[in-house]
Amino acid sequence: MATYSTNEFRSGLKIMLDGDPCVIIENEFVKPGKGQAFNRVKIRNLKTGRVLEKTFKSGETVEAADVIDTEMQYLYNDGDQWHFMDPETYEQVAADATAVGDAAKWLKEQDICTVTLWNGVPISVTPPNHVVLTVVETDPGVRGDTSGGGGKPATTDTGAVVRVPLFINEGDKIKVDTRTGEYVGRVKE
Amino acid sequence: MSDWRPAASPAVLALRARLLARIRAFFQARNVLEVETPCFSRAANPDPHIESFRLAGESRWLHTSPEFAMKRLLAAGLGDCFQIARVFRAGEAGRRHNPEFTLLEWYRLAWDHHRLMDEVADLLGELLDAPPARRLTYREAFVEFAGIDPFTADVVDLRARAVEAGIAVSDLGDDPDTWRDLLLTHLVEPNLPSEIPLFIHDWPASQAALARIRPGSPPLAERFELYWRGMELANGYHELTDATEQRRRFEQENARRRLAGLPSMPLDEALLAALEHGLPPCAGVALGVDRLVMLAAGVDDIRQVLAFDWERA
């Protein structure tokens, strides 16, 4: 089993903590003038996304987490699981709702996503930064309004609700930033 | 190697040079002699919290401070002296640590730690226009900033205080000093007033290092640490001069190293012989020069004051 010493701590390092894979966001080495040194780290739990702080005695070792990020194509949802494929090896994995989480509402078939695998099993899915979605439900458009001021909610084919300008109609394709959930623009066919 | 450029800006390197010149002028004006001692020694520092670099295949270690050699000079009758030394501590790297760094160390005969604190404050005033310093005992600092008396609290109390303060930590074991160090670094240091230099003195006897212990209840180490603007800057002692007690402390430190699975270090028999011969009563202090430059330059990462930090070296 691979381990890391606190000397090797740096941001991005994946370690096991209380049975969950985590990534180090920030590592600070603190030491009183004389005496015990500590590593104060900010860690994100890769399963829950929660950020926590933890202090290690310097020199301690922790178990490495076998976590890798892979670019995979989203194939389909079978009602229970989301299926992804490695476009190079054609290898497929299935992610459950816990792993997909909020990303579900941005997933469009054929899009390339980042799938985080822990011991080969998906634990989180990051959609592309920008996705193009079709509006399936919104109040009728207001002709002549292109300012985007005000806006209205629109439901997309993936189930996401996005605030769009008044001129957007059902059937329009829109570009959305998945990191903020904000409308970026209308996409002309 | 693409990253060949220095980490520090030319302006900061010029500032560093000016500060070094002013440190030398400060001591010259006070008749304190500049000395140089070897970086490589046949002995090493047994402090279990400091790791020395060893020369491959030889019984030689890089010094972690010039303290032992300078005390030999004092025992030989040299008098007040200072040194600006490059020192080495394995594994210490971070925003305020570089494994290779510069210490200003000086000794004053017949002084105690309080008189030396005055002089450290004078130096800060002269170099950095520091306002007058404040002094707090270790106990006062803990009561004020960690909400616990570090001398009456036992391991259970100290651990409970850490949990209450929301410090998530793996089990640190049963040594109260480890828990004190945790509270010191996580609760006391971050909450110290940062606008004025602050000395914390009268440390637990178990953390005396090379300081005298003043008998009493509890006995207290005549040691001080200096903090300013959130940074630990200096560590000083009313120096231990008793050779037997020094040997006992070294052996105790080596015992703790073995307990922690660390190699024992060869004791500095030359220092012990010098103490046996007679170290005049004195006070000594080591001040981090890189951190001094950080304060002068207003930067918060040690790499910004080093021409080439550990990763670029």
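Residues numbered from 1 in each chain as written. Chains lettered and ligands numbered in written order. Predicted model: local features only at pLDDT ≥ 70, side-chain atom pairs only at ≥ 80, totals over all residues.

A. Looking closely at the overall build of chain B. Secondary structure assignment for chain B yields nine helices and eleven strands. Computed over its C-alpha atoms, the radius of gyration of chain B comes to 19 Å, within 12% of the 20 Å expected for a compact globule of 313 residues. Dimensions along the principal axes, computed over C-alpha positions, put chain B at roughly 50 × 45 × 45 Å. Across the 313 residues of chain B, 42% fall into the buried class. In chain B, the proportion of contacts linking residues at least 24 apart, taken out of those at least 6 apart, comes to 68%. (Helix = DSSP H or I, 4+ residues; strand = E, 2+ residues; numbered from the N terminus. Rg over C-alpha atoms; globule rule 2.2 N^0.38 Å. Buried ≥ 20, exposed ≤ 12 C-beta atoms within 10 Å, placed from the backbone. Contact = placed C-beta atoms within 7 Å.)

B. Expanded view of the pairing of strand β7 (residues 198–204) of chain B. Residue and element names in this part refer to chain B. Counting buried positions along β7 yields five of seven residues, so the element is predominantly enclosed. Of the strand pairs in this sheet, β7 and strand β9 (residues 220–228) are connected by six bridges, and their pairing is antiparallel. Along β9, the bridge assignment pairs Phe 199 with Leu 226. (Pairing = 2+ DSSP bridges.)

C. Inspection of the domain arrangement of chain A at higher detail. Looking at the assigned domains, one finds that chain A contains domain 1 (3–63), domain 2 (67–126) and domain 3 (130–187). Each of domain 1 of chain A and domain 3 of chain A was reduced to a C-alpha centroid, and the two centroids are 42 Å apart. (Domains from an automatic or database assignment.)

D. Molecular detail of the packing of helix α1 (residues 10–29) of chain B against helix α9 (residues 289–297) of chain B. Residue and element names in this part refer to chain B. For the pair α1 and α9, interaxial distance at closest approach is 10 Å and the crossing angle is 120 degrees. With respect to each other, α1 and α9 are oriented oblique. Two packed elements cross with a definite hand, and for α1 against α9 that hand is right-handed. Contacts between α1 and α9 involve Val 12, Leu 15, Arg 16 and Leu 19 on the former and, on the latter, Leu 292, Val 293, Ala 296 and Ala 297. Considered class by class, the residues forming the contact of α1 with α9 number seven nonpolar, no polar and one charged. (Axes fitted to C-alpha atoms, helices over the stretch in contact; angles between N-to-C directions. Parallel < 35°, antiparallel > 145°, perpendicular 65-115°, else oblique. Left-handed = near helix turned anticlockwise from the far one by under 90°. Nonpolar A, V, L, I, M, F, W, Y, C, P; charged D, E, K, R; others polar.)

E. View of the sheet that holds strand β3 (residues 20–30) of chain A. Residue and element names in this part refer to chain A. Spatial strand order, β2-β3-β4-β5: four strands in an open sheet with antiparallel pairing. Strand pairing shows two members of the sheet lacking a second neighbour, β2 (14–17) and β5 (51–57), which therefore form its edges. Recorded for the sheet is a direction-independent mean angle of 45 degrees between the axes of neighbouring strands. Across eight bridges, β3 lies against strand β4 (residues 38–45) in antiparallel orientation. Bridged to Ile 24 within β4 is Ile 43.

F. Highlighting the interface of chain B and chain A. The interface is formed by 24 residues belonging to chain B together with 19 residues belonging to chain A. Among the secondary structure elements, those contributing two or more residues to the side of chain B that touches chain A are α6 (176–191) and β10 (231–238) of chain B. In the side of chain B that touches chain A, the residues fall into eight nonpolar, ten polar and six charged.

G. The arrangement of the packing of helix α5 (residues 155–164) of chain B against α6 of chain B in detail. All names here are of chain B. Close contact between α5 and α6 brings their axes to 9 Å; oriented N to C, the two are set at 25 degrees. Compared by their axis directions, α5 and α6 come out roughly parallel. Relative to α6, the crossing made by α5 is left-handed. Mapping the contact onto sequence places Val 155, Leu 158, Arg 159, Arg 161 and Ala 162 in α5 and Pro 176, Trp 179, Arg 180, Leu 182 and Leu 183 in α6.

H. Fine view of the nonpolar core. The biggest cluster of nonpolar side chains holds 92 residues, and the ones touching the most others in it are Leu 103, Val 120, Leu 183, Leu 226 and Leu 287 of chain B. Listed in part, the 23 residues of the second largest apolar core include Leu 117, Ile 123, Val 125 and Val 176 of chain A. (Core = buried A, V, L, I, M, F, W, Y, C linked by C-beta atoms within 7 Å.)

I. The arrangement of unusual backbone geometry in detail. Residue and element names in this part refer to chain B. In this model, Ser 217 is joined to Pro 218 through a cis peptide bond whose omega is 0 degrees. Within the secondary structure layout, Pro 218 lies in the loop between β8 (213–214) and β9. At Asn 31, a position not held by glycine, the phi torsion is positive, near 60 degrees. Tracing the backbone through its elements, the reader meets Asn 31 in the loop between α1 and β1 (33–34). Using a count of 8 C-beta atoms within 10 Å as the deciding quantity, one classes Asn 31 as exposed. Even without a glycine there, the phi angle at Arg 229 is positive, about 50 degrees.

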